Amino acid sequence: MESRSTSLPIISHAMSKLPSLTRPAGAVVVTFDIEQPPPMSPVTPPPAEPFFDPAERMPPLTDPNLVSAMRSTVSDVSQTRSVLSQLGPRPDHESVDSAKARLAEIEVMLANELDEINLSEIDGEDVKKKEMEREKEIYKAVIALDELHESYGKVLAEAEAKLERIYEAAVAGNSDGDQVAEGGEEVDEEVVRILQEANRTAVDRIDLAERCLRFVPEAFGKIRSLVALNLSVNQLQSIPDSIAGLENLEELNLSSNILETLPDSIGLLQRLKTLDVSSNKLTALPDSICHCRSLVELNASFNKLTYLPTNIGYELVNLRRLSIQLNKIRSLPTSIGEMNSLQFLDVHFNELRGLPHTVGKLTNLEHLDLSSNFSDLTELPETFGDLINLQELDLSNNQIHALPITFGQLKNLQKLNLEENPIAIPPKEIVNTGVEAVKAFMAQRLVDILAEEEARSNLQANEETPKGWLSRSTSWLKDSVAVVSHSVSGYIGVQEKSNQDPCLNEMY
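Residues numbered from 1 in each chain as written. Predicted model: local features only at pLDDT ≥ 70, side-chain atom pairs only at ≥ 80, totals over all residues. Heavy atoms only, no water.

Under an unreviewed UniProt entry, the name given to the protein chain is Plant intracellular Ras-group-related LRR protein 9-like, and the organism recorded is Heracleum sosnowskyi. Per UniProt, the protein chain has the following entry under Sequence similarities (unreviewed entry): "Belongs to the SHOC2 family." The Function (unreviewed entry) field of the UniProt record for the protein chain holds the comment "Leucine-rich repeat protein that likely mediates protein interactions, possibly in the context of signal transduction." (UniProt positions renumbered as here; feature names shortened; annotations may be inferred.)

This is the structure in structure tokens:
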């Protein structure tokens, strides 16, 4: 692979910070993992340049040409990762979309403002124009940062893919790592037969799973009678735009291929109810997928997704099952709260940093898996208690310290997994007792907080009652105290109890 410092000048800036690919004379070998470099402390000076020799670390690499190609590619990977690190965190997709929308609004406003200035010639308008121009620059910076991440992310993916090809070539005994057998685009005999049959009679279901297919002929888009198409477990790298012609398609299975993108034309499948694109290499779902408004089930698990389309919740209002586990998603769009029909949501093994407050609007949700987001997920929104139909909840393997105060309102919750969390509220002994004990404890905690808040408000007769979740009706409080107190005493046992929650002092 040629050096990218010419076409991507930022890389050249990072050259001095990269591991050396030649061993300095008399230097001590330092073990260096290109995948997981050691963490750098801001106050500690950088260590001596690590050494990475592909010939030593990867025994099959004995051919000089392969060793040279590997060294060059390792350098590309290291350089690009260094640049991405210097760029900092990538803006989330929803923020970028908002920046683009706001930028367009400002452009229109400036155009209108210019016409007004030409007509009125008011000097004060010039100040307003400068402020809008400054605002434009902020939004442009957000968009530019996202584009830089996108560009260098592609460079990194290409370099890493080449590393794989070189090593595979070495194992296979091929001396040229750049030469990869592509295989001809030979049409499978079964595909030919199906296309010929479709020309003679209406075909509604086609199953071409496990055929080692590398491509789908454009002619498939002409089988308008097709209702179900299974192309799973193949070697497909792309889907033709002609798929939009399958106007009656209701089921599409593209799982277990090597797809990196889906065509925008997929949004024209207005009758599509089930879409399975799991176990591919997708980094994003096209925005056009929001137009598949008949979707009931969407499985995009085991990919490389980092976000969902911003408007996906506003459009897919009939979706009942959403499986996006085993991806790299950092946040869910606020629009997800508009999925009124959603019953099943699996987001485990991602990089979630939290949930939008709108998640409480998913009142039909029954199963929610947020497990194994590890150090990224530390809290849940107060609206979580509005999930009144939630029955199963998995929060294991996260960093949640306290359940939201409204948790006790989840009356239908039957299964709860809080393992491997540093839970402090409720206490561990309550968690170990079971889900009913947890609900009772959290309900009592809410009652205590409301009672203290009511006492405070009585001392302020001329002031308004605090707004938000603390302004729940006192009638609910009075009806709940007796029942909840009895439940908690049953789980905790006969112990001397305090009238005040020990955690209240932390909140006030």
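Novice: Please give an account of the overall build of the protein chain that cites residues and values.
Specialist: Counting secondary structure elements, the protein chain contains 11 helices and 10 strands. The 508 residues of the protein chain split such that 41% are buried. When the accessible surface of the protein chain is totalled, it reaches about 27600 Å², and 50% of it is carbon and sulfur. (Helix = DSSP H or I, 4+ residues; strand = E, 2+ residues; numbered from the N terminus. Buried < 20%, exposed > 50% of the residue type's maximum accessible area, 1.4 Å probe, protein only. Areas by Shrake-Rupley, 256 points an atom, 1.4 Å probe, with all protein chains shown as cover.)

Novice: Go over helix α9 (residues 435-458), please, and point to the residues and values.
Specialist: Side chains that are three or four residues apart share a direction in an α-helix, a result of its 3.6 residues per turn. Relative to the 34 Å expected for 24 residues at 1.5 Å per residue, α9 spans 35 Å between its end C-alpha atoms, a close match to the ideal helical length. Across the 24 residues of α9, 18 count as buried, placing the element largely inside the fold. (Expected span 1.5 Å × (residues − 1).)

Novice: Give a detailed account of the side chain of N327, specifying residues and quantitative values.
Specialist: Structurally, the position occupied by N327 is in the loop between β6 (321-323) and β7 (344-346). Given the relative accessible area of 6%, N327 is considered buried. In terms of polar contacts, N327 uses its side chain to reach the backbone amide nitrogen of K304, at 3.3 Å. Here L305 takes part through its backbone nitrogen, which lies 3.0 Å from a polar atom of the side chain of N327. If sequence neighbours within four positions are ignored, N327 has contacts with A300, S301, F302, N303, K304, L305, F349 and N350. (Polar contact = N/O pair within 3.5 Å; in protein donor to acceptor, adjacent residues only side chain to side chain. Contact = heavy atoms within 4.5 Å.)

Novice: Tell me about the environment of A209, and please be specific about residues and values.
Specialist: Position of A209 relative to the elements: it lies in the loop between β1 (205-207) and β2 (228-230). Given a relative accessible area of 22%, A209 falls into the partly exposed group. Once residues lying within four places of it in the same chain are set aside, the contact partners of A209 are N230, S232, V233 and N234.

Novice: Which residues make up the nonpolar core, and what values do they have?
Specialist: Grouped together as the largest cluster of nonpolar side chains are 78 residues, with contacts concentrated most on L252, L285, L322 and F384. When residues of this core are traced back to their parent elements, those giving at least two are α6 (189-200), α8 (428-433) and α9. The element contributing the most residues to this core is α9, with 5 residues. Other than its neighbours up to four places away in sequence, L322 contacts L298, L308, I336, M339, L342, F344, L345 and D346. (Core = buried A, V, L, I, M, F, W, Y, C linked by side-chain atoms within 4.5 Å.)

Novice: Tell me about the packing of aromatic side chains, and name the residues and values.
Specialist: Following the criterion strictly, the structure yields 2 aromatic pairs and no others. Centre to centre, the rings of F349 and F374 are 5.6 Å apart; their planes meet at 65°, and the pair counts as edge-to-face. You can see F349 sitting in the loop between β7 and β8 (367-369) and its partner F374 sitting in the loop between β8 and β9 (392-394), a full 25 residues away along the chain. Overall, the relative accessible area of 39% leaves F349 in the partly exposed class. Among the residues examined, F374 registers a relative accessible area of 40% and is labelled partly exposed. Where F384 meets F407, the ring centres are 6.4 Å apart and the plane angle is 5°; that geometry is what we call stacked. Of this pair, F384 sits in the loop between β8 and β9 while F407 sits in the loop between β9 and β10 (415-417), and the two are 23 residues apart along the sequence. The residues F384 and F407 share a single accessibility class, namely buried. Against the face of F344 rests R321, its NZ or CZ located 3.8 Å from the ring centre. (Phe/Tyr/Trp six-rings, centres within 6.5 Å; stacked < 30°, edge-to-face > 60°. Lys NZ or Arg CZ within 6 Å of the ring centre and 35° of its normal.)

Novice: Tell me about the pattern of salt bridges, residues and numbers included.
Specialist: What the rule picks out here adds up to 8 salt bridges. R224 is the salt-bridge partner of E247, the closest N and O atoms lying 4.0 Å from each other. Taken as a pair, E247 in the loop between β2 and β3 (251-253) and R224 in the loop between β1 and β2 lie far apart in primary sequence, 23 residues in all. Looking at E247, the relative accessible area reads 45%, which means it is partly exposed. We note a salt bridge from E297 to R321, for which the minimum N-O separation is 3.9 Å. You can see E297 sitting in strand β5 (residues 297-299) and its partner R321 sitting in strand β6, a full 24 residues away along the chain. (Salt bridge = Lys/Arg side-chain N within 4 Å of Asp/Glu carboxyl O.)

Novice: Can you explain unusual backbone geometry? Please cite residues and give values.
Specialist: Between I425 and P426 the backbone carries a cis peptide bond, its omega angle lying at 0°. Turning to its location among the elements, P426 is positioned in the loop between β10 and α8. The backbone phi angle of L326 is positive, close to 60°, even though this residue is not glycine. Structurally, L326 is set in the loop between β6 and β7.

Novice: Please set out α6 residue by residue, giving values where relevant.
Specialist: In this model α6 runs 17 Å from its N-terminal to its C-terminal C-alpha over 12 residues, within 8% of the 16 Å that 1.5 Å per residue would give. Where α6 is concerned, the buried positions are V191, I194 and L195. The buried residues of α6 occupy one face: seen down the axis, they fall within an arc of 100°. Exposed positions of α6 whose direction lies more than 90 degrees from the buried face are E189 and R200. Those residues of α6 that are buried lie in contact with β1. (Arc of directions from axis to C-beta.)

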